[in-house]
Amino acid sequence: MSEEIIDVQESETTENLRPERRSEKIIVVQGNKTLKGSVTVSGAKNSALKLMAASILGQGKTLLHNVPHISDIDVMGDVIQYLGATVERDGHDMSIDTTALNSLETPYELVSKMRASIAVLGPLIGRFGHARVAMPGGCQLGARKIDMHLVGLERLGVTFTIDHGFLEASAPKGLVGKPVLLEFPSVGATENLLMAAVVAEGTTIVENAAREPEIVDLANMLNSMGARISGAGNADIEIEGVTLDALHPCEHTTVGDRIEAGTFLAGAALLTGPVTVKGIDPAFLRMAIMKLEAMGATVVIDEAGITVSREKPLTATDIQTLPHPGFPTDLQAQFMLLAALAEGNTIITENIFENRFMFASELARMGADITIEGHHALVRGVKSLQGAPVSCTDLRAGAALVLAGIAAEGQTQIHEVEHISRGYEDYVGKLCSLGADVHYALV
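Note that the structure is a prediction, hence the values are computed from the model and not measured.

Rules behind the numbers
Residues numbered from 1 in each chain as written. Predicted model: local features only at pLDDT ≥ 70, side-chain atom pairs only at ≥ 80, totals over all residues. Heavy atoms only, no water. Phe/Tyr/Trp six-rings, centres within 6.5 Å; stacked < 30°, edge-to-face > 60°. Helix = DSSP H or I, 4+ residues; strand = E, 2+ residues; numbered from the N terminus. Buried < 20%, exposed > 50% of the residue type's maximum accessible area, 1.4 Å probe, protein only. Axes fitted to C-alpha atoms, helices over the stretch in contact; angles between N-to-C directions. Parallel < 35°, antiparallel > 145°, perpendicular 65-115°, else oblique. Contact = heavy atoms within 4.5 Å. Nonpolar A, V, L, I, M, F, W, Y, C, P; charged D, E, K, R; others polar. Pairing = 2+ DSSP bridges.

We now examine the packing of aromatic side chains. The geometry of two aromatic rings is summed up by the distance between their centres and the angle between their planes. A full pass over the atoms with the stated rule returns three aromatic pairs. Their ring planes at 50° and their centres at 5.8 Å tell us that F264 and Y427 sit as a pair that is tilted. Linking F264 in helix 9 (residues 258-271) with Y427 in helix 15 (residues 427-433), this pair joins segments that are 163 residues apart in sequence. Taken individually, F264 and Y427 each receive the classification buried, so the pair is uniform in this respect. Both rings, one in Y424 and one in Y427, keep their centres 4.9 Å apart while their planes meet at 45°; by these two values the pair is tilted. Comparing Y424 with Y427, the two get one shared label, buried. By the ring-pair criterion, three or more aromatic residues cluster together here, those being F264, Y424 and Y427.

This is the structure we're talking about:
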C-alpha cells in the first residue's frame, strides 16, 4: 500500500518539476518545386527604418509611404514613441509626429532587439546636441562594431562615453562640418553622419561613403526636409549644413526592397520560374542579376518588372560579397542555396560579416555539401536536397531555408521563424501566391 502511494507521489513530483512546454510557431514546407507568377515587393526594410529615424529632425508630422509591415518597423516605432513621438499607421502609410520629443534615451529592452536602432543616434545629436543610446542588438552575424559611427561623429565635434552599456553622446559646442574619411563604406556610419551633419556648421564631406540605394533614399528625404546633400550614391557625399530651424517635416515614399526582390529572383532561378518581380528598380540589383545569368537563368527586364526563368541546369559561379555596387551580403545565403544545386563547385567569399556562414550547417542537414574555411565556403553541387527540420540562423538565412524546402524532396520544418518576420512582409503568403506549398503551424 505504502509503495503505491510513494509511486504516485513521485510521479506527481516529477510532473511538477517538468518545465512547461510552450508551443512554437514554425513554417512547414512541402517540396513541390513550384514558384511561378508575379509578386510585388514591399518597401525596403533597410531604408524605412532610417527614414523613421530621420523624422526626428523634422520637428513635426512626417508622412512616409510604402512602409513594410515587418517586426523591425514595429520595434523602431516603439523606439521613437519612447522618445516622445506619436506614430500612427494606415496600411503602408505611416505618420510620425516628433514635435513633442521629450527623451534623449533609448532603452536597452528595445534597442537590444535590433541593431538598426542605433540610427537614432545621429538625428538625436543633430536635434538636441545630446543622446543616450543603448548599445545595439539584432541578428548574430558578427561584431558589426559601431566604431566608425563614433569616429566619424567625433570629427564633427561629438564626445562619447560609455556608461553601463549606454553610449552617452554630447556636442556641447555644436556640430562643425569637416571632411570625414571612413575606413570602410559602412552603411550605418554613413547614415548617422548624414543625419548629424545636415545641421553642422559649415560643410561636411563623407569620403568612402556607402553607395547603397538606401543611402540615396535617405538623402532624398533629408533634402525634402530642407537639408543640402549632394553626391549620395557616390563614394564622396557633400553636406552643406543648415540651421535646425531650416528643417521641416515632409512626405516621402520608401524605395522597393532590393533584398526581398533578390530573394524571389533567386527562388525563380532555383525552381525554374518564370517569376516576375515588381516594385523594384532593376539598377539596384545589377550584380545579382549578372550572377543569376552566369548561373544559367534567363533575366528579362521590361515595364512589367524583372522576370527570371531557367531552362538549363544551374552552373557553378564564384561569388564574393562586397559593398554596393558589389554583390550584397544579404543575398549570400540565397545564392549559396543556388550553388548547392548547381553543377560543379562554387567558392563563396564573405567579406562583410564573419558569422554569415552559420546558414551552411542548416543547409547541410538537407543534403548540401559545403565546407567552410575562414571567410570562404566551398559548395559542391548535389543532385537534390531532402526535407529536414532546420532552424533560421538569421533573417536572410531563414528566407533561403524556406526556398530550400520548396526545392527539396518531402517535408521541411523551419524553426525560429521570427527572424523572417523581421524583414519580409507576408513572406509565406507571397510564396503561396506563386504556387508554393508553405504554411505556418504550431508545434
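Further remarks concern the packing of helix 7 (residues 187-197) against helix 8 (residues 213-224). At a minimum axis separation of 11 Å, helix 7 and helix 8 run at an interaxial angle of 10°. Taken together, helix 7 and helix 8 sit at an angle that is classed as roughly parallel. Across the interface between the two elements, V187, T190, E191, L194 and M195 from helix 7 touch I215, L218 and L222 from helix 8. Partitioning the contact of helix 7 with helix 8 into residue classes produces six nonpolar, one polar and one charged.

Turning our attention to the sheet that holds strand 18 (residues 319-320). Ordered by their spatial adjacency, four strands build an open sheet running 18-19-21-20, and the pairing between neighbours is mixed. Edge positions in the sheet fall to strand 18 and strand 20 (369-373), since each has one partner strand and no second. Sheet topology places strand 19 (residues 345-349) next to strand 21 (residues 376-380); five bridges connect them, and they run antiparallel. Counterpart to N345 in the pairing with strand 21 is R380. In the packing of helix 11 (residues 332-340) onto the sheet, the strands contacted are strand 18, strand 19, strand 20 and strand 21, and the crossing angle to strand 21 comes to about 35°.

Remember, this is a structural readout, not a statement about activity or role.
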